[in-house]
Amino acid sequence: MGNKLKLHFPKFIFVLLILLSSPHVAHASTYYVAPSGNNSNTGTLTSPLRDISSALNLATAGDTVSVRAGTYPAFTVTKNSLSITGYLGERPLISGGAGIKLSGSDLTLSNFEVTAMSANKSGAILSTGNRNLIKNNLVHDNLATGTNGILIVGAINQAEGNTVYNNNRMGIGIYNSSGNIVSKNTVYQNTLSTGDSDGIHCLGDSVGQSHSNTISENTTYENADDGIDMWNCTNNQILNNNSHHNGGTGDGHGIKLGYGGGNTVKHNVSYSNLACGFTSNGAGNYYESNISYLNADCGFTDSYRVTANTTTSSFINNFAYNNSKNYVKGPYTTVFTGNSESAPLITSPSPSPKPGDLNSDGSVNIFDFNLLVSNFGTMYNIFDFNQIVGNYGR
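Here's a quick rundown of the structure. Nothing here was measured: the structure is a model prediction, and the numbers come from that model. (Residues numbered from 1 in each chain as written. Predicted model: local features only at pLDDT ≥ 70, side-chain atom pairs only at ≥ 80, totals over all residues. Heavy atoms only, no water.)

### Quick word on the overall build of the protein
The criterion, for reference: Strands here are runs of E lasting at least two residues and helices are runs of H or I lasting at least four, both read from the DSSP assignment and numbered beginning at the N terminus. Only protein chains enter the accessibility calculation, which uses a 1.4 Å probe; a residue whose area is less than 20% of its type maximum is buried, one above 50% is exposed, and one in between is partly exposed.
Within the protein one finds 4 helices and 35 strands. Counting over 394 residues, the protein shows a buried share of 47%.

This is the structure in structure tokens:
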């Protein structure tokens, strides 16, 4: 058997080398695009292409299209599993036209600026594919009627770390879509659509058609309607958001839930909004450990637009203070415990004592030395002595 192993092992190595050198083994490539490029170039960093669409034509699954700073026309990505990104901290500008459309899936779009989109009732960045990541983009001043900043229609997408402002309708929208994550975005001053310019908005053609989305760690402010509006979306997680100074031509709530219910709302702060800090179109939601203050109408309400949904609501350990009304219970508010109408007590941690300050009087002096001598070998040792010597007089 030993001879057989010796004979076959070199054959195995030979076959492995053939497979690794085969042209059928995929190797991810990067195609570069620059204003100084030419579409007849090879797409390397020193020989870039001119148009993003040309790079997309060459790219295959796993490849990256890296775009240098400059102004480019709108483009659509129909392929799957690509990364389209600004080159090393540069932010290419997409101005006018239909913006950026991601109709493929498993895509990453990052570090773009998108503005002046002219198409109506869509998104300056529109994702109709699934599992796409839209990250660290700047989306603003898309003023055509009905235009949103970022619009998610596909499922299981993620919008993270984007700055979205001064768009005609919603800053970030989810439409007939589920399983998405909208996190760490700053969304503000979306004010041009009468009564419907929310910071973040989730809606469906019917109740529950959009569901199971996570809205977390976003900051929304100075939007004409609501900071976060879940309209008729159900079973969502709304966590750790900051929503303030919303309202103008619209309602002006900080966080508004849909009338399908099933939403969990935890650890959010909502203040100085034109209407309520937290409200809902129906019952059946869970609120825990949120803070609502200085809102013109109310802190929390469970009865803003009560519908046929009769599921019970829970309010646990929330803080509401300095609102026109702090809590407005609805007919289905059945759990209401641990809530306060005072500001939460926030204590600052005590400063760490100075090394060698054995009696914690704020300085290292003769009193610490005397304390060391009287307790040396029991409470203190040579390390404490060295700290006193090194910090004496401070």
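Now that the structure has been shown, we can carry on.
### A word on the packing of aromatic side chains
Here is the rule: Only Phe, Tyr and Trp rings take part, Trp by its six-membered ring, and two of them pair if their centres are within 6.5 Å. Stacked means planes under 30 degrees apart, edge-to-face means over 60, and tilted covers everything else. Consider the ring centre and the ring normal. A charge sits over the ring if Lys NZ or Arg CZ is within 6 Å of that centre and within 35 degrees of that normal.
Considering all chains together, one arrives at 13 aromatic pairs under this definition. Note on phenylalanine 75 and phenylalanine 112: the rings are 5.8 Å apart at their centroids and 55° apart in plane angle, and the pair reads as tilted. Taken together, the positions of phenylalanine 75 in strand S4 (residues 75-77) and phenylalanine 112 in the loop between strand S8 (108-110) and strand S9 (113-115) put the pair 37 residues apart, joining distant regions of the chain. Residue phenylalanine 75 is classed as buried on the basis of its relative accessible area of 6%. On the basis of relative accessible area, phenylalanine 112 is assigned to the buried category, the value being 0%. Where phenylalanine 300 meets tyrosine 327, the ring centres are 5.5 Å apart and the plane angle is 10°; that geometry is what we call stacked. Of this pair, phenylalanine 300 sits in strand S31 (residues 298-301) while tyrosine 327 is found in strand S34 (residues 325-328), placing the two residues 27 residues apart along the sequence. A residue is classified by how much of its surface remains accessible, and phenylalanine 300, at 1% relative accessible area, is buried. In this structure an aromatic cluster arises from ring pairing among Phe278, Tyr287, Phe300, Phe315, Tyr327 and Phe336. Sitting over the face of the ring of phenylalanine 336, lysine 329 holds its NZ or CZ atom 4.1 Å from the ring centroid.

### Some thoughts on the side chain of asparagine 213
This is how the line gets drawn: Think of a polar contact as two N or O atoms within 3.5 Å of one another; within protein, one of them needs to be a possible hydrogen donor and the other a possible acceptor, and neighboring residues in sequence only count if both atoms come from side chains. Here, two residues are considered to be in contact whenever any of their heavy atoms come within 4.5 Å of each other.
Relative to the helices and strands, asparagine 213 resides in the loop between strand S19 (200-203) and strand S20 (214-216). At 2.9 Å, the side chain of asparagine 213 and the backbone nitrogen of asparagine 180 are in polar contact. Residues in contact with asparagine 213, not counting those within four places in the same chain, are Ile174, Ser177, Ser178, Gly179, Asn180, Cys202, Asn235, Asn236 and Gln237.

### Regarding the nonpolar core
To be explicit about the condition: The set of buried Ala, Val, Leu, Ile, Met, Phe, Trp, Tyr and Cys residues whose side-chain atoms join them within 4.5 Å is what this entry labels a nonpolar core.
Formed by 50 residues in total, the largest nonpolar core has its most connected members in Ile52, Phe75, Ile84, Ile100 and Phe112. When residues in this core are grouped by element, the largest group, 3 residues, is from helix H2 (residues 52-58). If we ignore the near neighbours within four places in the chain, the residues touching isoleucine 100 are Phe75, Ile94, Leu109, Phe112, Val114, Ala124, Ile125 and Leu126.

### Some thoughts on the sheet that holds strand S22 (residues 228-229)
Under the convention used in this document: A pair of strands is labelled paired if DSSP reports no fewer than 2 bridges between them.
A sheet is described by the order of its strands in space; here 11 strands give the open sequence S4-S7-S10-S13-S16-S19-S22-S25-S28-S31-S34, paired in parallel fashion. Each of the sheet's edge strands pairs with one partner strand only, and the pair in question is S4 and S34.

### Looking at the state of the cysteines
Where we set the bar: Any two cysteine sulfur atoms within 2.5 Å of one another count as a disulfide.
Using the criterion set out here, one finds 2 disulfides in the structure. Here cysteine 276 engages in a disulfide with cysteine 298; their sulfurs sit 1.9 Å apart. On the sign convention where negative is left-handed, the bridge of cysteine 276 and cysteine 298, at about 105° about the S-S bond, is right-handed. Here cysteine 298 lies in strand S31 and cysteine 276 lies in strand S28 (residues 276-280), a separation of 22 residues in the sequence.

### Points about unusual backbone geometry
A positive phi angle, close to 50°, is found at asparagine 176, a residue other than glycine. Locating asparagine 176 in the fold gives a position in the loop between strand S16 (172-175) and strand S17 (181-183). In this model, serine 289 sits at a positive phi of 55°, which is unusual for a non-glycine residue. Tracing the backbone through its elements, the reader meets serine 289 in the loop between strand S29 (286-288) and strand S30 (291-293).

### Some remarks on the pattern of salt bridges
Filter applied, for reference: By definition, a salt bridge exists where a carboxyl oxygen of Asp or Glu is found within 4 Å of a side-chain nitrogen of Lys or Arg.
Inspection of the entire model under this criterion finds 8 salt bridges. Lysine 135 is the salt-bridge partner of glutamate 160, the closest N and O atoms lying 3.8 Å from each other. Placement of the pair is glutamate 160 in strand S14 (residues 158-160) and lysine 135 in strand S11 (residues 133-135), with a sequence separation of 25 residues. Aspartate 229 serves as the salt-bridge partner of lysine 256, at 3.6 Å between the closest nitrogen and oxygen. Of this pair, lysine 256 sits in strand S25 (residues 255-257) while aspartate 229 is found in strand S22, placing the two residues 27 residues apart along the sequence. Here lysine 256 falls in the buried class, since its relative accessible area comes to 2%. A residue is classified by how much of its surface remains accessible, and aspartate 229, at 3% relative accessible area, is buried.

### What to know about the side chain of serine 313
By the secondary structure assignment, serine 313 is in strand S32 (residues 313-316). Look at serine 313 and you get buried, because its relative accessible area is 0%. Here asparagine 285 takes part through its backbone nitrogen, which lies 3.4 Å from a polar atom of the side chain of serine 313. Sequence-distant contacts of serine 313, defined by excluding residues within four places in its chain, comprise Ala283, Gly284, Asn285, Asp302, Tyr332, Thr333, Thr334 and Val335.

### A closer look at the pairing of S31
As judged from the 2 bridges shared by S28 and S31, these two strands associate in the parallel manner. Within S31, the position partnered with phenylalanine 278 by the bridge is phenylalanine 300. The pairing of S31 with S34 spans 3 bridges and is parallel. When the bridges of S34 are listed, cysteine 298 appears paired with lysine 325.

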